[in-house]
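Chain by chain, the residues run as shown.
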Amino acid sequence: MPSTAAVTTIRYKSTRNGGPPVSLREALLRGLAPDGGLYVPTDIPPLESGYRTLESLQEVATAMLRPWLEEHVEPSELGPLIADALSFPIPLVDLGARNPTYSGVYVLELFHGPTLSFKDVGARVMARLMGRFLREEGRSATVLVATSGDTGSAVADGFAGQEGIEVVLLYPKGGVSEVQERQLVVERPAVRTYAVEGTFDDCQRLVKQAFLDPELQRIGPTSANSINIGRLLPQAAYYVWAEVASGLREVVFCTPSGNLGNLTGGLIAHLAGLPVARFVAAHNANDYFPDVLRRPDAAERDSVSTRSNAMDVGRPSNYERIRALIPGKRMRELFWGTSVDDPATLARMRTVYDETGYVADPHTAVGLEAVHRYREATGDEGPVIVLSTAHPAKFPATVWETLGQPAPRSDRLERLRDRPKRVEPLTPSLDALKARLLQA
Ligand SMILES: *Cc1c(COP(=O)(O)O)cnc(C)c1O
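A few points on the structure. As the structure is a computational prediction, the values presented were derived from the model and not from experiment.

## Section: the packing of helix α2 (residues 57-69) against helix α3 (residues 75-85)
Here comes step 1: Across the interface, α2 lies against α3 with an axial gap of 9 Å and an inter-helix angle of 125 degrees. The orientation of α2 relative to α3 falls into the category oblique. Taken as a pair, α2 and α3 cross one another with a handedness that is right-handed. For the pair formed by α2 and α3, the contact residues are Gln58, Ala61, Thr62, Leu65, Arg66 and Leu69 on the first element and Leu78, Gly79, Ile82 and Ala83 on the second.

Structure representation (structure tokens):
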């Protein structure tokens, strides 16, 4: 008799413990748990034993995600889904090969996706899963996003063209950089972009009001922000890939962090069995998490704006998730944190360029400075993999000002110049937004 292999079923509970555990489908479609908490897995399936012999990012990601997804996605369909989502390389650059002072320091370039930030990884996988779950339920949805940085374009690009999903992007007119704006306003199927005559807070307020508005329920409003478990799981996969690609074991990972979603992905990979020596949490002047690692009673704070603006988060939502996944004592052993201000960020960008020729964007530079500090503080000279979260071409002004030369080109960004645009102005009122959303 052929044996029926048992299908792993992972359940997700709220960090605030309200309500019964739910499936991945429900956790992903809901985003936030009904009690306001974040979904965390009740069990973490172990990495399959042969993962180190796999050869490509796509294979590693498929193997890593299989037990998490097999309840919902047939194994034969998972490989193609992942290959379609992760259709770009994630290379590892050995800085030690350029200058022995950097021996053991590697950069994992997560920015080769369509919108040039690591957010493409989570957004693209999540979009495909959400599209599938909605189709199976015969539903459609409208993803509403308020954006001031990399999230909007990653979500718009990742979700565009998924059957049954419309995307509505709101960004503050004049409140994003020229490159970001170019990425937001490019015409994409089933994506509507509004330049709101107001601030980012106005955009966020409109989205929150839209979620609660009774008439708007018929467009199926939903979110795709970084607290969604659907974005976190794929982010665990590239930590595994980094160790496989480097042939190294038990490395230190250094992650430029804001809302701590990227780092939570690393923690999940570790809890699934990936050997990791330490996680370095590299923050800019928004130093809540490094502070908490030193004194558990650290107070929450408002965000301050910096040159690494995608990490300007005062109260990182995923901290609640990290606390739910490991005990506080273990957290303080496993994570080492530091806060890097703007002058130190730009100085590190310059030094790394002078010493290795490597051009890091400001977020990655926070990570490189954190590695330097970590090595000095601990004497640990073991291998370190720094996650590079954005392409330097997204920050041409900072690169020019700091290095005195133009940022490396990105063909993807160049090509956007000639693509048609689609953007409409919007006054910051719920009535104005409703009129647009309900007319379609
Ligand atoms: C979003 C973002 C971060 C912060 O990631 P979190 O998951 O919020 O910690 C870092 N760098 C870049 C370039 C980003 O876009």
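## Remarks on the sheet that holds strand β9 (residues 251-256)
Here comes step 1: An order of β3-β4-β12-β9-β10-β11 is seen for the six strands of this open sheet, with the pairing classed as mixed. Only two strands of the sheet have a single neighbouring strand rather than two, namely β3 (92-94) and β11 (335-339). If you compare each strand with its neighbour and ignore which way they point, the axes differ by 25 degrees on average.
Here comes step 2: Packing of helix α8 (residues 229-246) onto the sheet brings it into contact with β3, β4 (105-109), β9, β10 (276-283) and β12 (384-388), and relative to β9 it is tilted by some 135 degrees.
Here comes step 3: Relative to β10, helix α9 (residues 261-271) is tilted by about 170 degrees, and along the sheet it contacts β9, β10, β11 and β12.

## A closer look at the site of the ligand
Here comes step 1: The environment of the ligand is formed by 15 residues, the closest being Lys119, Asp150, Gly258, Asn259 and Thr389.
Here comes step 2: Asn259 has a polar backbone atom sitting 2.8 Å from an oxygen atom of the ligand.
Here comes step 3: One of the backbone N or O atoms of Gly261 is found 3.1 Å from an oxygen atom in the ligand.
Here comes step 4: For the ligand, whose free accessible area comes to 380 Å², the fraction covered by protein is 97%.
Here comes step 5: Residues of the shell around the ligand, tallied by class, amount to six nonpolar, seven polar and two charged.

## Concerning the environment of Ala272
Here comes step 1: With respect to the helices and strands, Ala272 occurs in the loop between α9 and β10.
Here comes step 2: Residues Ala272 and Pro46, spaced 226 residues apart in sequence, show a C-alpha to C-alpha distance of 4.5 Å.
Here comes step 3: In contact with Ala272, not counting residues within four places along its chain, are Ile44, Pro45, Pro46 and Leu47.

The rules behind these values
- Residues numbered from 1 in each chain as written.
- Predicted model: local features only at pLDDT ≥ 70, side-chain atom pairs only at ≥ 80, totals over all residues.
- Heavy atoms only, no water.
- Axes fitted to C-alpha atoms, helices over the stretch in contact; angles between N-to-C directions.
- Helix = DSSP H or I, 4+ residues; strand = E, 2+ residues; numbered from the N terminus.
- Parallel < 35°, antiparallel > 145°, perpendicular 65-115°, else oblique.
- Left-handed = near helix turned anticlockwise from the far one by under 90°.
- Contact = heavy atoms within 4.5 Å.
- Pairing = 2+ DSSP bridges.
- Near = heavy atom within 4 Å.
- Polar contact = N/O pair within 3.5 Å; in protein donor to acceptor, adjacent residues only side chain to side chain.
- Areas by Shrake-Rupley, 256 points an atom, 1.4 Å probe, with all protein chains shown as cover.
- Nonpolar A, V, L, I, M, F, W, Y, C, P; charged D, E, K, R; others polar.

The values reported here are purely geometric and, on their own, carry no functional implication.
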